[in-house]
Protein chains: 2
Amino acid sequence: MKKIINAPENYVDEMLQGIYAAHGDQVKYVNDDLRCYCTANKKDGKVAIITGGGTGHLPLFLGYVGDGMLDGCGVGGVFQSPSAEQIYNVSKEVEAGAGILYLYGNYTGDIMNFDMAAEMCEMDDIETRSIVGADDVNSNANPDTRRGVAGIFFMYKCAGAKAAQGGTLDEVLAAAQKAKDNTRTVGFALTPCVIPEVGHPNFTLGENEMAMGMGIHGEPGIWNGPIKTADELAEESLNTLLGDMPVAEGEEVCLLINGLGATSVEELYILCNSVRKILDGKGIKVYRTFVGEYATSMEMAGASISICRMADDEMKAQIDMPVKTPFYTQA
Amino acid sequence: MKKIINAPENYVDEMLQGIYAAHGDQVKYVNDDLRCYCTANKKDGKVAIITGGGTGHLPLFLGYVGDGMLDGCGVGGVFQSPSAEQIYNVSKEVEAGAGILYLYGNYTGDIMNFDMAAEMCEMDDIETRSIVGADDVNSNANPDTRRGVAGIFFMYKCAGAKAAQGGTLDEVLAAAQKAKDNTRTVGFALTPCVIPEVGHPNFTLGENEMAMGMGIHGEPGIWNGPIKTADELAEESLNTLLGDMPVAEGEEVCLLINGLGATSVEELYILCNSVRKILDGKGIKVYRTFVGEYATSMEMAGASISICRMADDEMKAQIDMPVKTPFYTQA
């Protein structure tokens with residue numbers, strides 16, 4: 001295991017201490033619990049949006065807490081859900097009089113704990129709604145049981161914009177739902193990653209082998225085989241994406257080329273070029289392109305491609321709204 | 001070699017095509033040469049700042065071209081200098097009536113080609129000044145012959161701010177010089193990287209081995225040995241940094257924790273926490289902290305720590321000025 005760490009059991013808390021040391025002007029924690037992560041700039045009267053999930057995916061999940069996006073995050077152990085109590089404590093802190101949207105990835109442990117937190121909020125007369133990201137097409141044929149991966153960024157962006165504009169709880173939920181309905185992701189891994197407290201990879205890939213559809217926790221994909229070229233990966237991925245969610249010639253999409261951790265930014269732009277050649281050939285217009293690390297799996301090598309169809313002008317305006325978090329700034 | 005690419009010989013040009021496809025609203029190329037990289041938002045009357053260097057270090061070098069920072073970049077092959085002609089062609093395009101500052105890393109090939117470009121500009125009556133980043137303390141005892149690495153970010157930031165504020169060519173040079181005088185970097189690698197057209201690592205490290213002082217092109221460091229903890233690395237690095245550039249109790253610095261490519265952001269924040277504990281213990285104040293990938297070596301695992309001493313309030317204002325490039329936004 002080649003990592004810059006101290007004791008593996010302190011991985012999450014030392015990471016969080018580093019984040020608070022670096023960005024204490026923007027974020028804080030409550031309840032004497034480093035893992036109850038909140039904005040330091042609470043906006044009265046605004047719908048609060050709370051996310052959460054396991055550590056090991058930065059900037060997912062906590063990195064999107066900040067102006068124009070989210071208000072709080074329950075931080076779990078590496079690849080583990082935060083507890084219901086942590087989510088509840090974050091909820092009590094960031095709730096600002098207009099209710100709370102829980103927006104997180106479609107994983108069993110997270111669903112259980114967010115649902116319990118919602119019940120605890122209900123007893124305090126705090127209104128909540130919930131929606132999960134489930135954009136990973138290759139993870140299941142049934143859209144309802146798909147895992148949430150990098151495409152949740154578009155849900156954060158649209159819901160965050162709607163909340164910042166003063167939308168009601170149901171309007172913010174609707175913005176997240178519209179982004180969800182129009183977003184699909186395909187990802188692939190070239191190397192595994194190592195959970196610090198485990199110390200060895202939880203799966204293996206041969207020297208020239210990759211995995212299509214691999215999940216960000218190492219969930220098995222749909223095939224393992226020789227590494228394909230960027231052009232081939234773009235073609236297979238877009239066939240999957242557009243097969244699942246057709247986009248007509250002349251329609252506009254946002255494109256997200258996401259690195260899983262160890263893959264260089266140079267490669268992401270090569271992949272971006274491959275994707276653009278295909279979209280251009282189909283007459284699909286790209287409204288805005290995002291390239292970089294948006295949802296990772298620590299030092300896993302690989303990438304994902306997300307397409308978010310621009311359903312209307314309101315959605316484009318939400319995508320364009322400025323954002324400022326310690327991990328993501330859009331001006 | 002596990003990379004998402006097509007033919008290795010097209011690595012640089014396909015990367016650039018991807019960048020122009022994604023960010024054509026902000027950057028462009030001139031002279032029908034993808035490697036002559038320029039801002040699309042030229043500002044009349046402003047001192048132009050041009051950088052350049054080899055590919056393989058994104059966001060260095062071209063990623064800092066944009067509002068509030070740089071105006072152009074000569075893009076070389078992987079780990080190779082751009083040509084004098086490319087730098088000259090970029091110069092002709094971005095020069096806006098107030099002269100040009102060449103600001104790049106202290107590498108022999110780059111110096112030769114930037115100097116030749118400066119002579120070509122002189123024949124066109126375009127005034128130029130030159131300064132090189134040379135912040136890598138472990139690369140040489142003599143400050144003049146040190147390599148330039150991640151600390152050049154602070155030179156870009158301060159010089160870019162001064163130029164955006166309407167500073168003269170000599171004032172912009174002075175801002176870069178002040179940032180240079182106050183910046184030091186120490187880096188270390190845990191794994192090598194692979195040049196695409198070579199196909200294998202240009203050095204090897206054992207399973208539990210790291211290299212202190214390793215350069216971003218694989219230049220040998222000052223020791224290879226067992227991987228140290230984040231706390232140990234922070235202590236050794238700060239001893240080196242502060243031994244070379246003393247910072248008194250009560251003085252303020254900016255801190256840059258830079259990932260070399262494959263190292264996870266989680267680890268960078270653990271390292272940030274280790275560094276902050278030491279600085280806090282010494283009573284050195286941190287004015288602003290930057291954590292992420294600022295100067296990489298493709299998929300090399302490792303990190304660097306840069307300290308930039310805040311010499312005065314003007315420098316702090318330069319650090320705080322908003323920036324917008326396709327790779328780096330500060331609001």
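Each value, and the rule that gives it
- Residues numbered from 1 in each chain as written.
- Chains lettered and ligands numbered in written order.
- Predicted model: local features only at pLDDT ≥ 70, side-chain atom pairs only at ≥ 80, totals over all residues.
- Heavy atoms only, no water.
- Phe/Tyr/Trp six-rings, centres within 6.5 Å; stacked < 30°, edge-to-face > 60°.
- Helix = DSSP H or I, 4+ residues; strand = E, 2+ residues; numbered from the N terminus.
- Polar contact = N/O pair within 3.5 Å; in protein donor to acceptor, adjacent residues only side chain to side chain.
- Pairing = 2+ DSSP bridges.
- Axes fitted to C-alpha atoms, helices over the stretch in contact; angles between N-to-C directions.
- Contact = heavy atoms within 4.5 Å.
- Least-squares fit on C-alpha atoms with pLDDT ≥ 70 in both.
- Buried area = accessible area lost by both parts, 1.4 Å probe.
- Salt bridge = Lys/Arg side-chain N within 4 Å of Asp/Glu carboxyl O.
- Nonpolar A, V, L, I, M, F, W, Y, C, P; charged D, E, K, R; others polar.
- Buried < 20%, exposed > 50% of the residue type's maximum accessible area, 1.4 Å probe, protein only.
- Expected span 1.5 Å × (residues − 1).

Digging into the packing of aromatic side chains
Step number 1: As enumerated under the stated definition, the model contains 30 aromatic pairs over all chains in all.
Step number 2: Among the aromatic residues, ring-to-ring pairing joins Tyr64, Phe153, Phe154, Tyr156, Phe290, Tyr294 and Tyr328 of chain A into one connected group.

Describing the side chain of Asn106 of chain A
Step number 1: Here Asn106 of chain A is to be found in the loop between strand S5 (100–105) and helix H3 (108–123).
Step number 2: At 2.7 Å, the side chain of Asn106 of chain A forms a polar contact with the backbone oxygen of Arg146 of chain A.

What about the sheet that holds strand S2 (residues 36–39) of chain A?
All names here are of chain A.
Step number 1: Strands sit in the order S1-S2-S4-S3-S5-S6 across an open sheet of 6 strands; the sheet is mixed. Where the open sheet ends on each side, the last strands, each with one partner, are strand S1 (27–29) and strand S6 (128–133). On average, each strand axis in the sheet is tilted by 25° relative to the strand beside it, whichever way the strands run.
Step number 2: Here S2 runs beside strand S4 (residues 72–78); their pairing, made up of 3 bridges, is antiparallel. Directly across from Cys36, in S4, lies its bridge partner Gly74.
Step number 3: Seen against the sheet, helix H2 (residues 84–94) touches S1, S2, strand S3 (48–55), S4 and S5 and runs at an angle of roughly 20° to S2.
Step number 4: Against the sheet, helix H4 (residues 152–164) contacts S3, S5 and S6, and its axis sits at roughly 170° relative to S5.

Some points on the relation of the copies chain B and chain A
One copy of the chain maps onto the second through a rotation about an axis and a displacement along it.
Step number 1: Mapping chain B onto chain A is achieved by rotating through 180° and translating by 0.0 Å along the same axis, at an RMSD of 0.0 Å. Here the transformation between the copies is reduced to the relation of a two-fold axis. Minimal C-alpha distance to the rotation axis in chain B is attained by Ala262 of chain B, lying at 1.9 Å.
Step number 2: Mapped onto chain A, 100% of the interface residues of chain B again fall at the interface, so both copies present the same surface.

Concerning the interface of chain B and chain A
Step number 1: Taken together, the 58 residues of chain B in the interface contact 58 residues of chain A.
Step number 2: Around 4500 Å² of area is buried between chain B and chain A when both sides are counted, 59% of it from carbon and sulfur atoms.
Step number 3: It is Lys2, Ile4 and Glu266 of chain B in chain B that bury the most area against chain A; as a group they hold 20% of the surface buried on that side.
Step number 4: The tally of links between chain B and chain A comes to 0 salt bridges.
Step number 5: Linking chain B with chain A are 30 residue pairs in polar contact (both at pLDDT 80 or more), by the criterion used here.
Step number 6: Contributing elements (two or more residues each) for the side of chain B that touches chain A: helix H1 (11–23), helix H6 (230–244), helix H7 (265–282), strand S11 (285–292), strand S12 (302–309) and strand S14 (329–330) of chain B.
Step number 7: Counting residues per element, the side of chain B that touches chain A draws most heavily on H7 of chain B, which supplies 10 residues.
Step number 8: Within the side of chain B that touches chain A, the residues separate by chemical class into 26 nonpolar, 20 polar and 12 charged.

Observations concerning the sheet that holds strand S8 (residues 209–212) of chain B
Residue and element names in this part refer to chain B.
Step number 1: Reading across the sheet, the 6 strands line up as S9-S8-S7-S12-S10-S11 and stay open at both edges, with mixed pairing between neighbours. For this open sheet the edge positions go to strand S9 (223–226) and S11, each flanked by a neighbour on one side alone. Between one strand and the next, the sheet's axes are offset by a mean angle of 20°, whatever the strand orientation.
Step number 2: Here S8 pairs with S9 via 4 bridges, running antiparallel. Bridge assignment links Met210 to a residue of S9, and that residue is Gly225.

Some details on the environment of Gln330 of chain A
Step number 1: Position of Gln330 of chain A relative to the elements: it lies in strand S14 (residues 329–330).
Step number 2: In this structure Gln330 of chain A comes out as buried when scored by relative accessible area, which is 4%.
Step number 3: In this structure Gln330 of chain A touches Lys157, Arg288, Phe290, Ile319, Asp320, Met321, Pro322 and Val323 of chain A together with Thr329 of chain B, once residues within four positions along its chain are discounted.
Step number 4: A distance of 2.7 Å separates the side chain of Gln330 of chain A from the backbone oxygen of Ile319 of chain A, its partner in a polar contact.
Step number 5: There is a polar contact of 2.6 Å between the side chain of Gln330 of chain A and the side chain of Tyr328 of chain A.

Points about the pairing of S2 of chain A
All names here are of chain A.
Step number 1: Every second residue of S2 is oriented toward a common face, with Cys36 and Cys38 on one face and Tyr37 and Thr39 on the other, all of them buried.
Step number 2: With 3 bridges joining them, S1 and S2 adopt antiparallel strand pairing. If you follow Val27 over to S2, its bridge partner there is Thr39.
Step number 3: The antiparallel hairpin formed by S1 and S2 contains 6 residues in its connecting segment, where Asn31 sits at a positive phi of about 65°.

A short note on helix H6 (residues 230–244) of chain A
Residue and element names in this part refer to chain A.
Step number 1: Compared with the 21 Å implied by 1.5 Å per residue over 15 residues, the 21 Å span of H6 between its first and last C-alpha is a close match.
Step number 2: By the burial criterion, the buried members of H6 are Ala230, Leu233, Ala234, Glu236, Ser237, Leu238, Leu241 and Leu242.
Step number 3: Those residues of H6 that are buried lie in contact with strand S7 (183–189), strand S8 (209–212), strand S9 (223–226), helix H7 (265–282) and strand S12 (302–309).

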